[in-house]
Amino acid sequence: MNTIEQLKVGEGIAPVQLPPVTPDVLVQYAEASGDHNPIHLDEDEAKRLGLPGIIAHGMWTMGNLTKLFTPYYEEGFLQDYQIRFRGMVFLGDIVTLQAKLESKDDQLLTFQVSASNQSGADVLKGKAIFRLAQ
Amino acid sequence: MYEAAIGKRSERVRNVIDRNKVKQFARAIGDENPIYVDEATGASSRYGSNLAPPTYPRVFNYGQIEGLTLPPKGLIHGEQIYHYERPLLVGDEVYCYARVADYKEREGKNGRMGIMRIENNGEDAEGKPIFSSTVVIIINEAAIKGMNQ
């Protein structure tokens with residue numbers, strides 16, 4: 001594995017493709033996070049609320065994305081992480097996580113990050129700033 | 001509708017970052033990196049302890065903002081922002097509170113909507129900030145009206 005410091009502007013961290021979303025994965029996230037909103041767990045309730053079906057927690061996808069940076073913990077930490085939720089993630093969707101280095105400024109590496117579905121549509125998008133240790 | 005809530009905050013609540021809870025959370029986001037789950041890796045890391053993932057603050061109790069009750073339905077999580085002074089460590093005592101930072105209403109393409117920014121902050125026992133997080137919630141017209149009934 002290369003260091004994160006070696007990355008050049010315009011280069012990315014290797015993307016990660018998640019397995020298709022299953023109900024179990026969302027039950028597990030609900031239990032771990034304490035977010036038991038039925039739109040993530042109950043098909044009937046999701047439909048009653050006008051959704052096509054169960055949707056993943058936005059925070060589940062946002063949480064998954066941070067694994068792109070976890071391997072570099074000895075070099076520093078995620079100082080800022082901001083996301084706009086742009087689309088829903090449904091059961092069976094295959095989400096791909098990406099991060100591209102946008103700028104480098106002293107100790108701060110700014111990445112454009114996104115998660116997209118199997119159709120290539122962004123489900124979330126934002127910025128992550130990794131602070132290199134002194 | 002919620003303009004009066006701007007600036008209101010909750011009392012600080014003490015939270016302790018639990019090793020097993022961190023493991024459970026790491027598993028739930030598919031990131032069982034040893035820095036989160038293996039004690040020896042944490043001890044020999046530059047932090048001297050295991051870390052909690054950056055989105056872990058979802059787990060904390062931030063207390064209740066007096067007088068603020070959000071509708072149970074018709075809310076959309078629009079945006080989420082984290083800022084860290086340092087990473088969260090297993091065993092940390094984090095004192096958390098929430099504050100309504102802003103509320104606005106405007107006409108959207110599906111009618112009137114409310115946009116609320118809530119800050120969820122965590123600091124150490126001395127009051128030194130560890131992290132701040134902001135959640136932007138979009139409240140749809142039906143939900144705003146429901147609150148007026």
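A quick note: this is a predicted structure, and the numbers were derived from the prediction, not measured.

Detailed reading of the predicted model is not advised wherever pLDDT is low. For chain B, the average pLDDT comes to 93, and 97% of its residues sit at 70 or higher. Predicted complex metrics record ipTM = 0.97 and pTM = 0.95.

Attention shifts here to the side chain of His57(A). Inspection of the secondary structure assignment puts His57(A) in the loop between helix H2 (43-48) and helix H3 (58-65). For His57(A), a relative accessible area of 1% translates into the label buried.

Our focus in this paragraph is the UniProt feature "domain: FAS1-like dehydratase" (unreviewed entry) in chain B. Within this structure's numbering, the places UniProt gives as "domain: FAS1-like dehydratase" (unreviewed entry) are residues 4-131 of chain B. Taken as a whole, residues 4-131 of chain B contains 16% helix and 36% strand, while its terminal C-alpha atoms sit 26 Å from one another.

This part takes up empty space enclosed by the protein. Gaps left between atoms show up when a probe the size of a water molecule is rolled over them. Evaluation of the coordinates by the stated rule reveals 1 cavity of 30 Å³ or more. The space that makes up the largest cavity amounts to roughly 200 Å³. Lining the largest cavity are 18 residues, with Phe77(A), Leu78(A), Tyr36(B), Leu51(B) and Pro54(B) sitting closest to its centre. Here the lining of the largest cavity takes 3 residues from strand E2 (residues 76-85) of chain A, the largest share from any one element. When the residues that make up the lining of the largest cavity are grouped by side-chain class, the tally is 15 nonpolar, 3 polar and no charged.

Residue and element names in this part refer to chain B. Where burial is concerned, most of strand E5 (residues 129-139) is hidden: 8 out of the 11 residues are buried. In the sheet, strand E2 (residues 75-84) pairs with E5 via 9 bridges, with the strands oriented antiparallel. Paired with Tyr-82 across the strands is Ser-133, a residue of E5. Where strand E4 (residues 111-123) meets E5, 10 bridges bridge the pair, whose relative direction is antiparallel. Residue pairing in the sheet places Arg-117 in a bridge with Val-136 of E5. The turn linking E4 back onto E5 is made up of 5 residues, and Gly-127 within it adopts a positive phi angle of 90°.

Criteria and cut-off values
- Residues numbered from 1 in each chain as written.
- Chains lettered and ligands numbered in written order.
- Predicted model: local features only at pLDDT ≥ 70, side-chain atom pairs only at ≥ 80, totals over all residues.
- Heavy atoms only, no water.
- pLDDT = per-residue confidence, 0-100.
- Helix = DSSP H or I, 4+ residues; strand = E, 2+ residues; numbered from the N terminus.
- Buried < 20%, exposed > 50% of the residue type's maximum accessible area, 1.4 Å probe, protein only.
- UniProt positions renumbered as here; feature names shortened; annotations may be inferred.
- 1 Å grid on protein atoms, 1.4 Å probe; cavity = no way out; pocket = protein on both sides within 12 Å on 5 of 7 lines; lining within 4 Å.
- Points joined across faces, edges and corners; volume = space filled by probe spheres on them.
- Nonpolar A, V, L, I, M, F, W, Y, C, P; charged D, E, K, R; others polar.
- Pairing = 2+ DSSP bridges.

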